[in-house]
Amino acid sequence: MLRTCLFLSVVLYCVLSQEIEETITFTQCTDGYEFDPARQQCRDIDECAIVTDACKGGMKCVNHYGGYLCLPKTAQITINNGDEPSQPAQSGPVVLPVVPTRPPPPPTRRLPQVVFRRTHCNTGFAPDEQNYCRDINECEVSNPCQHQCYNLLGSFMCQCDQGYELNRDRVTCQDIDECSFSNYMCQYQCVNEPGRYSCVCPDGYQLQGTRICQDINECETGTDNCREDEMCWNYYGGFRCYPRNPCHEPYIRTSENRCVCPSGSPVCRALPHSIVYKYMSIPSDRSIPADVFQIQATNIYANTINTFRIKSGNEGGEFFLRQSSNVSAMLVLTKPVSGPREYIVDLEMITVNTVLNYRSSSLLRLTIIVGPYPF
């Protein structure tokens, strides 16, 4: 029995896939044949002549008994004697057995075995029912990505959700530690979380927006624990309670924060005539030099000279009093200060009347509270 073997002398792009062998036996004409009533036998159909564009992609159509082949235009067709069995090709041309060259048998006889060999499509493609290579949508078939999957022609691409980045395998995702990017992500403390980060504030502060810490005024919110005879003073990061009546003998209280020593008392002659109590707060590690407080005379008389000085509370030399006019002076911070800490600075104004030969003094007792943080 003669057999026709086709040798393809072209180098195929894809490697040979597993061989798919189909043995077909009928008692009537098989596909590719039609019954010839005159000769009472099956005859081959020339698909290349009747099928328009039977082969795509510039391939040429070669008819053979029971079907047709689509081969490159440079393919060489070799007829091999069926008495000499064909040996499997080790390299180079590919051997495809086809149906015999003699006319097909009668319809009642068993038709010969037909064996087709196919090749796999490139990675990312698979043959369809018409044996065309179609793109595989990996995102629908296996969904290989941990987060988001985008199908591409012959491949796919993974993308991570916000706050994540792809690992080296380009499939799985790992969390991005945003807190490691900069020390300025948050004003106080940055906390990394899966897919995001958050800012937290210390006690006495609340988060304003996403990264700024704002002081909580406990005196206004009513969260202080001051007594009835105490006043609440808020500072950066907390509060303190001070007596509502700060006056001590021989001073008497004349207003909310003013104490006066009676002029008729012999003890008051060597003491400042009045003491005014003031409170203020500054953040820790404030830039220097910085003007922090201004003292000013409340009464102005003719022929008087006012002199300002720091009487006490400046043992560390953190402050300097700069007199700007005859009636005012500015307290300047000259050294960095860190909190929490409290300074009680006595600022004295000495008044001298050159006509009446009169001398007196008044005191401003300034309590400066340094907060524990630079905000």
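Looking at an unreviewed UniProt entry, one finds the protein chain named EGF-containing fibulin-like extracellular matrix protein 1, with Huso huso as its source organism. Turning to the protein chain, the UniProt annotation filed under Sequence similarities (unreviewed entry) states: "Belongs to the fibulin family." On record in UniProt, under Subcellular location (unreviewed entry), the comment for the protein chain is "Secreted, Extracellular space, Extracellular matrix".

1. Some thoughts on the sheet that holds strand E27 (residues 341–353)
Taken in spatial order, the six strands make up an open sheet running E20-E21-E22-E28-E27-E24, and their pairing is mixed. Either end of the sheet is taken by a strand with one partner, and the two such strands are strand E20 (252–255) and strand E24 (304–312). Neighbouring strand axes in the sheet, compared pairwise and without regard to direction, differ in orientation by 30° on average. Where E24 and E27 come together, eight bridges link them in antiparallel fashion. Paired with Thr307 across the two strands is Ile350, which belongs to E27.

2. Observations regarding a nonpolar patch on the surface
Judged by side-chain polarity, Tyr150, Leu152 and Met157 come together as a nonpolar surface patch covering roughly 260 Å² of accessible area. Inspection of the secondary structure puts Tyr150 in strand E10 (residues 148–152).

3. Examining the side chain of Thr367
Looking at the element boundaries, Thr367 is found in strand E28 (residues 358–370). Residue class for Thr367 comes out buried when judged on its relative accessible area of 5%. Excluding its chain neighbours within four sequence positions, the residues that come into contact with Thr367 are Tyr242, Lys278, Tyr279, Met280, Glu342, Tyr343 and Ile344.

4. Let's talk about the sheet that holds strand E23 (residues 290–296)
One key point about sheets: their strands pair by backbone hydrogen bonds, in either a parallel or an antiparallel sense. An order of E23-E26-E25 is seen for the three strands of this open sheet, with the pairing classed as antiparallel. Since the sheet does not close on itself, it has two edges, and those belong to E23 and strand E25 (319–323), each with one partner. Within the sheet, the average angular offset between the axes of one strand and its neighbour, ignoring direction, is 25°.

Quick notes on the rules
- Residues numbered from 1 in each chain as written.
- Predicted model: local features only at pLDDT ≥ 70, side-chain atom pairs only at ≥ 80, totals over all residues.
- Heavy atoms only, no water.
- UniProt positions renumbered as here; feature names shortened; annotations may be inferred.
- Pairing = 2+ DSSP bridges.
- Helix = DSSP H or I, 4+ residues; strand = E, 2+ residues; numbered from the N terminus.
- Axes fitted to C-alpha atoms, helices over the stretch in contact; angles between N-to-C directions.
- Patch = residues over 30% accessible without salt bridge, like charges linked within 9 Å, V, L, I, M, F, W, Y side chains within 5 Å.
- Areas by Shrake-Rupley, 256 points an atom, 1.4 Å probe, with all protein chains shown as cover.
- Salt bridge = Lys/Arg side-chain N within 4 Å of Asp/Glu carboxyl O.
- Buried < 20%, exposed > 50% of the residue type's maximum accessible area, 1.4 Å probe, protein only.
- Contact = heavy atoms within 4.5 Å.

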